Number of protein chains: 2
Amino acid sequence: GALQRRAREEGVPVLILIEGWEGANKGRLVNELLLTLDPRGYRFHAFERRGDEEYPFLLPYLEVTPPRGEFAVFSGGWYAEVLLRRLLRGEERSDCTAAFRDICAFERQLADAGGVVLKFFCHIDRKEQKARLKEREGDLDLAWFVTPEAWEENKRYDDFLLCAEEMLSSTGTEYAPWTLVPATDFQYAAWKILSTVERVLDDCLARKRHPAQDSLLEGVSDGESALLSSMEPEGAMEDQEYDDRLSELQRELRSLELRVFREKLPVALVFEGVDAAGKGGAIRRVTESLYPMNYTVYPVGAPDDQERRHHYLWRFWKNFPRDGHVAIFDRSWYGRVLVERVEGLCTPEEWQSAYREINEMERHLSDYRTVLVKFWLQIDKDEQLARFESRGGDPERSWKLTPDDWRNRDKWDLYQTAAAEMLLRTSTSYAPWTVVATNSKRLARIRILTAVTESIRRALGQEGRRKR
Amino acid sequence: GALQRRAREEGVPVLILIEGWEGANKGRLVNELLLTLDPRGYRFHAFERRGDEEYPFLLPYLEVTPPRGEFAVFSGGWYAEVLLRRLLRGEERSDCTAAFRDICAFERQLADAGGVVLKFFCHIDRKEQKARLKEREGDLDLAWFVTPEAWEENKRYDDFLLCAEEMLSSTGTEYAPWTLVPATDFQYAAWKILSTVERVLDDCLARKRHPAQDSLLEGVSDGESALLSSMEPEGAMEDQEYDDRLSELQRELRSLELRVFREKLPVALVFEGVDAAGKGGAIRRVTESLYPMNYTVYPVGAPDDQERRHHYLWRFWKNFPRDGHVAIFDRSWYGRVLVERVEGLCTPEEWQSAYREINEMERHLSDYRTVLVKFWLQIDKDEQLARFESRGGDPERSWKLTPDDWRNRDKWDLYQTAAAEMLLRTSTSYAPWTVVATNSKRLARIRILTAVTESIRRALGQEGRRKR
């Protein structure tokens, strides 16, 4: 009650997860907790036990993380899913380890952004569990809830116990600790949960947190990077040659798209670049060849009110592609280390940790089969001026030119420095950048379509091998 | 392009639906349309052909209606669903008629709120359809898309044609007309769609619309209504009796909840009332007995930025219960005819048409099995003063009392008039109001729990009969 109001005033997002054995009365324990909260400030999320979905498994949970000042209470979720995959679908131990690594990264990101993450594991022993399942089966109203999986859990209690212990030890971190709740006695368990929430929140709100500044700044290159000046030589392209290559590539892309759809491969294309470098035109050459039900273009501008109250990556978490969909980002999460850095919209600590956070996120996407293709579109300063002036003079296109564009141009060097550092720090084996010189629009479009088709073809090839 | 920018400036939401035969190239036609639009201002929604979902069938579409100034383009959707139910699941013609009635009401509401609704039906004849399906089957990449349903449509072309004609004639309205698109020639069809969108939008934006004032004001009762003063006599309740009745009702509610869940019956409880009438306490007595995964409490305050850009009912459309879920609204869509009316937050025309619009919406919910229970909680003016003063004097509860509460109290008579008219105009057979005097909190809570359990029991009984 009172703590909830203080959390709201301080703008602290609070995430509470209730996990535990079948029969541990998790549902009733959650309700005890919810009844102490003001409904205006919490959302409750119950996740059915799953384990068969294919998309990056954290996405559904990322989407419902709490905004600043609110509570999100989860029953079941990311941990249950990992355990289920391991125990019921026989996934490898190493898959589990990778999943726990991604979970820790995710929870750390929430905590670093000022959030509180609280995890409870409700424990009962094998005998108690058996007795409770039996008792429920005897009750006409409740028998329905006793699933075969619950009995499976009881039969293989020791296997589950081993996995649960491994989970607790490898994901119990300083920023997101587990609390073990003995749940044989309901009253005690409820008290344990409520008092822990109260104590941790009280601590958190009392403490003004000053994160130690770490030395991320080391090794940052200064001034314009070699990456941007060492681009391949420019050239023109004849009408006929361009038209032929373009329609050939578009035909190929359309055919690949159908395979992407059948194989349920998620594809994310990221377009970043200098203003007026031709992002819009390049995106159109891609979407022209796609079926509208299979792609979505996400133009990224300043975050709106709702987005501002969430983690800065939340608005992308929501929109990552699933199951054979192509998501095209016109500007992206890299805004954090470009415009937000240059315009001072976030602190240096914030954009410096963004490199790691973005890499973690992209690795998670890539581990779960997402094809990530990132383009940086570059023109030189003279060409930009020429394009601005041509836009300004054309009444049909003058709306494309805003005062912001001129302001950004004044900060050309700052933006180039930010871009160079971004390219250095976020070019990874699983999500490399493709830098494209777009002084010649035609060459650039051909280059982009080629990179897209090649990346998809390669991913489909790996897919084929994976299945054999 | 240019029209889209004008629509944005004028804040006009635009809804475009592309319907038609299998094989009419709807997908490619949609893409032609999308390519002319700026991705910042549209969302595209492709709906798979369904026909087996049980919840009020319009909800998924209502949820994605466009906000002011944006386009929403649909391929498939509400019409396809109705036709499919009729033709493939053998629903009655009368169900179809009811569905068309609800669709017309929905489209009219969008148009009345200043929106533009454009519907296209892409037509090819039976021979052409057969040829196209055959051709696709011959193409390795495309064969996958030719479903058994598509062939079924070709085989029973005449049945489908009859139904489609009925649909076009019964839902082609002044505010949401159909445009028939001959789709044998792709270029012509694309031109037809684009030019129609352009013409209609241009007309709409040019015309400043002055809806004729209709005489809804007739027959409005004035001053405090008999409904509010003729409530059943107050009384006290002994501790023991209250505790016994309360736990008995809560036990019953919990048992009913499990049946609601099994039968996948949606339940919506609405709590409106005078400030300090005890809505919060009454809601807690209901939620105490429920499983947290089966209920959600929606506290309703002033709409946020995003909500303001949508139809005023949109934020409720999103949250209506589905499949065995209990949604509890702490204040509700009736704010339109209460606070928004009294405080002048909408025009008289707007709150006057809200009675009809709300009744239409509730009928749709009720037709699709939603159990709707609406409570008006009433205390007298002296009791309110006493409660305000007791809240103000208690530091633990003083946050519950805001300056707004005192301001609303000054307008007591205006609010009572609005409430009386609301109760008169929106008490329907499918969604009646229950007026509860809450000077005695205990009696009131028992009364509310009784009404909730009775309504659910009755609905479950009908459900049982429906199935036999």
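Here the structure is a predicted model, which means the values were calculated and not measured. (Residues numbered from 1 in each chain as written. Chains lettered and ligands numbered in written order. Predicted model: local features only at pLDDT ≥ 70, side-chain atom pairs only at ≥ 80, totals over all residues. Heavy atoms only, no water.)

## Description of the pairing of strand E8 (residues 326-330) of chain A
Residues and elements named next belong to chain A. Taking burial as the measure, the five residues of E8 include five buried ones, the bulk of the element. Burial of E8 is two-sided: the residues Val326, Ile328 and Asp330 facing one way and the residues Ala327 and Phe329 facing the other way are all buried. Looking at chain direction, strand E6 (residues 267-273) and E8 are connected through five bridges and run parallel. Looking at E8, one finds that Val267 is bridged to Val326. As judged from the five bridges shared by strand E7 (residues 295-299) and E8, these two strands associate in the parallel manner. The residue bridging Tyr295 from the neighbouring strand is Val326, located in E8. (Buried < 20%, exposed > 50% of the residue type's maximum accessible area, 1.4 Å probe, protein only. Helix = DSSP H or I, 4+ residues; strand = E, 2+ residues; numbered from the N terminus. Pairing = 2+ DSSP bridges.)

## Here we look at the sheet that holds strand E3 (residues 71-75) of chain B
Residues and elements named next belong to chain B. With parallel pairing, five strands are arranged side by side in an open sheet as E2-E3-E1-E4-E5. Each edge of the open sheet is held by one strand with a lone partner, namely strand E2 (42-46) and strand E5 (178-182). Strand-to-strand, the axes of this sheet are offset by a mean angle of 20°, without reference to chain direction. Bridge count for strand E1 (residues 14-20) against E3 is five bridges, and the pairing is parallel. Looking at E3, one finds that Ile18 is bridged to Ser75. Along the sheet, helix H9 (residues 186-206) contacts E1, E3, strand E4 (116-123) and E5; its crossing angle with E4, the most-contacted strand, is approximately 165°. (Axes fitted to C-alpha atoms, helices over the stretch in contact; angles between N-to-C directions. Contact = heavy atoms within 4.5 Å.)

## Quick word on the nonpolar core
Within the largest apolar cluster, 269 residues are counted, with the highest numbers of intra-cluster contacts made by A:Trp78, A:Trp333, B:Trp78 and B:Trp333. Sequence-distant contacts of A:Trp333, defined by excluding residues within four places in its chain, comprise A:Val270, A:Leu313, A:Phe316, A:Phe320, A:Ile358, A:Met361, A:Glu362 and A:Leu372. (Core = buried A, V, L, I, M, F, W, Y, C linked by side-chain atoms within 4.5 Å.)

## Some points on the domain arrangement of chain A
Residues and elements named next belong to chain A. Entries for chain A in the domain assignment read domain 1 (2-206) and domain 2 (226-467). Inter-centroid distance (C-alpha atoms) of domain 1 to domain 2 is 37 Å. Facing 24 residues of domain 1, the contacting portion of domain 2 comprises 21 residues. Of the roughly 2,200 Å² buried at the junction of domain 1 and domain 2 (both faces included), carbon and sulfur atoms supply 50%. Sorting the residues of domain 1 by area buried against domain 2 places Pro56, Glu63 and Gln109 first, and these three jointly supply 27% of that buried surface. If you look at where domain 1 meets domain 2, you find four salt bridges. With a shortest N-O distance of 2.9 Å, Asp367 and Arg101 are connected by a salt bridge. Where domain 1 touches domain 2, the interface holds 10 residue pairs in polar contact (both at pLDDT 80 or more). For the side of domain 1 that touches domain 2, the secondary-structure elements that each account for two or more residues are helix H3 (59-63) and helix H5 (93-112). A class-by-class count of the residues in the side of domain 1 that touches domain 2 yields 14 nonpolar, two polar and eight charged. (Domains from an automatic or database assignment. Buried area = accessible area lost by both parts, 1.4 Å probe. Salt bridge = Lys/Arg side-chain N within 4 Å of Asp/Glu carboxyl O. Polar contact = N/O pair within 3.5 Å; in protein donor to acceptor, adjacent residues only side chain to side chain. Nonpolar A, V, L, I, M, F, W, Y, C, P; charged D, E, K, R; others polar.)

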